[in-house]
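# An overview of the molecular structure
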Amino acid sequence: MYSIFNNLLSNAIKYRSSERPLQITIQAHTNAAGTKTISFSDNGLGFDMKKAKDNVFKPYKRFHATKEGKGIGLFLVKMHIEAMGGQIQVNSQVNSGTSFTIILK
């Protein structure tokens, strides 16, 4: 879990907008069936979901050429979550931010 949280938080910081203060929201809850949902949201740069949707969790895929990185972080996040039997979903909008939802059973 440390690696997952570290990657999502460091990405939110790295891809923050210079036009507004960074806001990160982390929420977690467990439903009656025991499924745990963790959501990470930020108000950063975001990215175009139509262009990136199939590549978000693939290795070496990057969506902001102006920031340094190798494009491996979200791939590792997905692999860790799936190894625990979970799923991850993403929603993003250019210049509005990105939200990740982790579902663990």
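Refer to the structure printed above.
Let me begin by describing the structure that accompanies this report.

Conventions used here
Residues numbered from 1 in each chain as written. Predicted model: local features only at pLDDT ≥ 70, side-chain atom pairs only at ≥ 80, totals over all residues. Heavy atoms only, no water. Helix = DSSP H or I, 4+ residues; strand = E, 2+ residues; numbered from the N terminus. Contact = heavy atoms within 4.5 Å. Salt bridge = Lys/Arg side-chain N within 4 Å of Asp/Glu carboxyl O. Pairing = 2+ DSSP bridges. Buried < 20%, exposed > 50% of the residue type's maximum accessible area, 1.4 Å probe, protein only. Arc of directions from axis to C-beta. Expected span 1.5 Å × (residues − 1).

### Thoughts on the environment of Ser39
Turning to its location among the elements, Ser39 is positioned in strand β2 (residues 36–42). In this structure, Ser39 is in contact with Thr25, Ile26, Gln27, Phe100 and Thr101, ignoring residues within four places of it in sequence.

### Here we look at the pattern of salt bridges
Evaluation of the coordinates by the stated rule reveals one salt bridge. One salt bridge connects Lys78 with Glu82, and the closest N-O pair in it is separated by 3.0 Å. Taken together, the residues Lys78 and Glu82, both in helix α3 (residues 73–83) and four residues apart, mark about one turn of the helix.

### Examining the pairing of strand β1 (residues 24–30)
Side-chain positions along a regular strand alternate between the two faces of the sheet. When β1 meets β2, the two strands line up antiparallel, connected through seven bridges. In the strand pairing of β2, His29 is matched with Thr37. The loop that links β1 with its antiparallel partner β2 comprises five residues; one of these, Gly34, has a positive phi angle of about 90 degrees.

### Considerations on α3
Considered for burial, the residues of α3 that qualify are Gly73, Leu74, Val77 and Ile81. Taken end-on, α3 shows its buried residues confined to a sector of 95 degrees, consistent with a single buried face. Lining the buried residues of α3 we find α1 (2–14), β3 (87–93) and β4 (97–104).

### Some points on the pairing of β2
Where burial is concerned, most of β2 is hidden: five out of the seven residues are buried. Of the strand pairs in this sheet, β2 and β4 are connected by six bridges, and their pairing is antiparallel. What sits directly across from Ser41, in β4, is Ser99.

### Examining α1
Taking 1.5 Å of rise per residue, the 13 residues of α1 would be expected to cover 18 Å, and the 18 Å separating its terminal C-alpha atoms lies within 8% of that figure. For α1, the set of buried residues is Ile4, Asn7, Leu8, Asn11 and Ala12. Viewed along the axis of α1, the buried residues span an arc of 130 degrees, placing them on a single side of the element. Residues of α1 that are buried in the fold lie against β1, β2, α3 and β4.

None of this, on its own, says anything about what the molecule does.
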